[in-house]
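The primary structure of each chain is shown beneath.
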Amino acid sequence: MRDTEFYEALLGLSDPWKVTKVELNSEAGRVDIWIEDCSGFKWSCPECQEKVSIYDHSEERVWRHLNTCQFRTFIHCRLPRVKCPKHGVRQVLAPWAEPGSRFSLLFENWVIDTLKECDITGTNRLTGTSWYEAWNIMDKAVQRGLSRKERRVPEYLGIDEKSFAKRHHYETLICDLSKGTVECVIRGRRQESLEAYFQQFSEEELKGIKAIVMDMWDPYIAASKAFVPDAEKKIIFDRFHVMQQVTGAVDKVRRQEHKKLMAEGDDRLKGTKHLWLMNQERIPDRRKEEFEEIRKTELKTARAWAIKESLRRFWDYRYPKNAQKYFKRWYFWATHSRLRPVIEAAKTLKRHLPNILTYFKHRITNAVTEGLNSKIQMIKQMACGFRNRENYRKAILFHCGGLDLYARVPTQSGSLVNTTIYCMIHGKL
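Residues numbered from 1 in each chain as written. Predicted model: local features only at pLDDT ≥ 70, side-chain atom pairs only at ≥ 80, totals over all residues. Heavy atoms only, no water.

Novice: Explain the overall build of the protein chain here, please?
Specialist: Per the secondary structure count, the protein chain includes 19 helices and 14 strands. Computed over the C-alpha atoms, the radius of gyration of the protein chain is 30 Å, more than 25% above the 22 Å expected from 2.2 N^0.38 for a compact globule of 429 residues. Across its three principal directions, the C-alpha atoms of the protein chain cover 95 × 55 × 35 Å. Nonlocal contacts in the protein chain, meaning residues at least 24 apart in sequence, comprise 59% of its contacts between residues at least 6 apart. Element-wise, carbon and sulfur atoms account for 49% of the exposed surface of the protein chain, whose accessible area totals about 23400 Å². (Helix = DSSP H or I, 4+ residues; strand = E, 2+ residues; numbered from the N terminus. Rg over C-alpha atoms; globule rule 2.2 N^0.38 Å. Contact = heavy atoms within 4.5 Å. Areas by Shrake-Rupley, 256 points an atom, 1.4 Å probe, with all protein chains shown as cover.)

What follows is the structure, encoded as structure tokens:
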């Protein structure tokens, strides 16, 4: 088989395309391939698909392709232009690349694979692309994925915020709890931020939402009630954030008491901060004996911790009415504890009790959203932070959006050979 025929098979070319020349430059470590079109072929207008004759050829363009062994490979071609009676002169599209791209479809898919596994700098080093080229491919992949995404409202939504930078700059994350993906990233965490997501859909579509899990952030509550039908029965305050209210109160009690004890020369609470924040079964074995001794004393912190631990039994109930009865008993104990931070936390939970009890209907939490939050934090660390909010949004959707990112390679005729080779190399078969 001649080199031209070999590359025609690898590139999946068929009439009217053919490889006319292959040039190997060992010193430069590259292979150059020239592609031409057959004369006398009737081309389709890119706008209306009407068959018309060739008008002329554009200037030669070059596309980066997948490496041939260790050699970088480049495709050269002067694309034909046609003159349509309706649309005038139009350039024929190359089957191996997207319009305006400097890379072949298969090369872009390889870069996408690499971006999924490492940061931009690593991708640049492994693929030989520049920082801007890699970001452009990521941007195109996200836009491609969003354009293919089905218009739908997830049945179970998780809503949370993620900081973009210091000084309270946040992004609102809307997650699909069933699929474990980020549905949307919206600037800010105001009421208008969440409303912008709901406004995309009709009231009939929003009726399909079965539950919305969130923390007790008033703007999110107001936005949901303004747009989602029967939102009062669908909002669930996340179990983790409910417990966080009481855990924070325990820490406040500890700090106040520790300060008072240290003034008296008593350092019993020194170095115990994280023990009071833990659940009882998570106390390290090496510190269990020490913690038990402190817990059995008459310290206010020990009393606050006991109140916190008792609230955990609330989540074991199966039915809302039974859970509500237990909360009523717990609330009496908490509000009569004479511990100001615990009293305030208990009153906060009492105000939001109806939407805490909706947990027992659906029994879902924001754990999926928190997991995505952790993944996003890792993405931020790999990138050493983001200065551009739009790039931050793209990175989140690229890695956590569950989008169909890959360029679709034509499979007509011999193109299937090239696609199959790519898939075998990258473990997709």
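Novice: Would you explain the side chain of Asn 391 in this entry?
Specialist: By secondary structure assignment, the location of Asn 391 is in helix H18 (residues 389-400). Of the residues examined, Asn 391 reaches a relative accessible area of 15% and is grouped as buried. Other than its neighbours up to four places away in sequence, Asn 391 contacts Trp 131, Trp 135 and Phe 386. (Buried < 20%, exposed > 50% of the residue type's maximum accessible area, 1.4 Å probe, protein only.)

Novice: Before we go on, may I ask you to explain the packing of helix H12 (residues 300-311) against helix H13 (residues 320-335) in this structure?
Specialist: The relative placement of two packed helices comes down to the angle between their axes together with the axis-to-axis distance. The geometry of H12 relative to H13 is characterised by a closest axis approach of 11 Å and an angle of 170 degrees between their N-to-C directions. As far as their axial angle goes, H13 and H12 are roughly antiparallel. When H12 is examined against H13, the residues Ala 306, Ile 307, Ser 310 and Leu 311 are found in contact with a partner set consisting of Tyr 326, Phe 327, Trp 330, Trp 333 and Ala 334. Here the residues of the contact of H12 with H13 sort into 8 nonpolar, 1 polar and no charged. (Axes fitted to C-alpha atoms, helices over the stretch in contact; angles between N-to-C directions. Parallel < 35°, antiparallel > 145°, perpendicular 65-115°, else oblique. Nonpolar A, V, L, I, M, F, W, Y, C, P; charged D, E, K, R; others polar.)

Novice: Could you clarify how one ought to interpret the pattern of salt bridges in this entry?
Specialist: Where side chains of opposite charge bring their charged atoms close, a pairing between them can arise. Per the stated rule, a full pass over the model turns up 30 salt bridges. Ionic pairing is found between Lys 308 and Glu 309, a salt bridge with its closest N-O pair at 2.9 Å. You'll find Lys 308 and Glu 309 in the same group, each marked buried. Put simply, Glu 390 and Arg 393 hold a salt bridge, and the shortest N to O gap is 3.1 Å. With Glu 390 and Arg 393 both in helix H18 and 3 residues apart, this pair spans about one turn of that helix. Here Glu 390 falls in the partly exposed class, since its relative accessible area comes to 37%. On the basis of relative accessible area, Arg 393 is assigned to the partly exposed category, the value being 23%. Taken together, the shared-partner salt bridges in this structure form one network comprising Glu 98, Glu 108, Lys 140 and Arg 144. (Salt bridge = Lys/Arg side-chain N within 4 Å of Asp/Glu carboxyl O.)

Novice: Where do I start with the sheet that holds strand E13 (residues 211-214) in this structure?
Specialist: Hydrogen bonds between backbone atoms are what pair the strands of a sheet, whose relative direction is either parallel or antiparallel. If you trace the 5 strands from one edge of the open sheet to the other, you get E12-E11-E10-E13-E14, paired in mixed fashion. The open sheet is flanked by strand E12 (181-187) and strand E14 (235-237), the only strands paired with a single partner. Here the strands of the sheet are splayed against their neighbours by 30 degrees on average, with no regard to which way each runs. The pairing of E13 with E14 spans 3 bridges and is classified as parallel. Paired with Met 214 across the two strands is Phe 237, which belongs to E14. (Pairing = 2+ DSSP bridges.)

Novice: Could you clarify how one ought to interpret the sheet that holds strand E7 (residues 71-77) in this entry?
Specialist: The 4 strands are arranged E1-E2-E7-E6 in an open sheet whose pairing can be described as mixed. Looking at strand neighbours, the two that pair on one side only are strand E1 (17-25) and strand E6 (61-68), the edges of this open sheet. In this sheet, adjacent strand axes meet at a mean angle of 25 degrees when their direction is disregarded. As paired elements, E1 and strand E2 (residues 30-37) share 8 bridges and run antiparallel to each other. What sits directly across from Asn 25, in E2, is Arg 30. Of the strands in this sheet, E1, E2, E6 and E7 are in contact with helix H1 (residues 3-11), which crosses E1 at around 115 degrees.

Novice: Sorry, what's going on with the side chain of Thr 301 here?
Specialist: Relative to the helices and strands, Thr 301 resides in helix H12. Look at Thr 301 and you get buried, because its relative accessible area is 0%. In contact with Thr 301, not counting residues within four places along its chain, are Val 253, Arg 254, Glu 257, Leu 269 and Trp 276.

Novice: How should the packing of aromatic side chains be read in this particular structure?
Specialist: Describing an aromatic ring pair means giving the distance of the ring centres and the angle of the ring planes. Within the structure shown, the criterion is met by 27 aromatic pairs. Ring centres of Trp 276 and Trp 305 lie 6.4 Å apart, and the angle between their planes is 70 degrees; on these two criteria the pair is classed as edge-to-face. Taken together, the residues Trp 276 in helix H10 (residues 273-277) and Trp 305 in helix H12 connect sequence positions 29 residues apart. One aromatic cluster in this structure is built from Phe 314, Trp 315, Phe 327, Trp 330, Tyr 331, Tyr 359 and Phe 360. Its end group placed over the ring of Trp 217, Arg 189 keeps NZ or CZ at 4.3 Å from the ring centre. The ring of Tyr 331 is capped by Lys 350, whose NZ or CZ atom sits 4.5 Å from the centre of that ring. (Phe/Tyr/Trp six-rings, centres within 6.5 Å; stacked < 30°, edge-to-face > 60°. Lys NZ or Arg CZ within 6 Å of the ring centre and 35° of its normal.)

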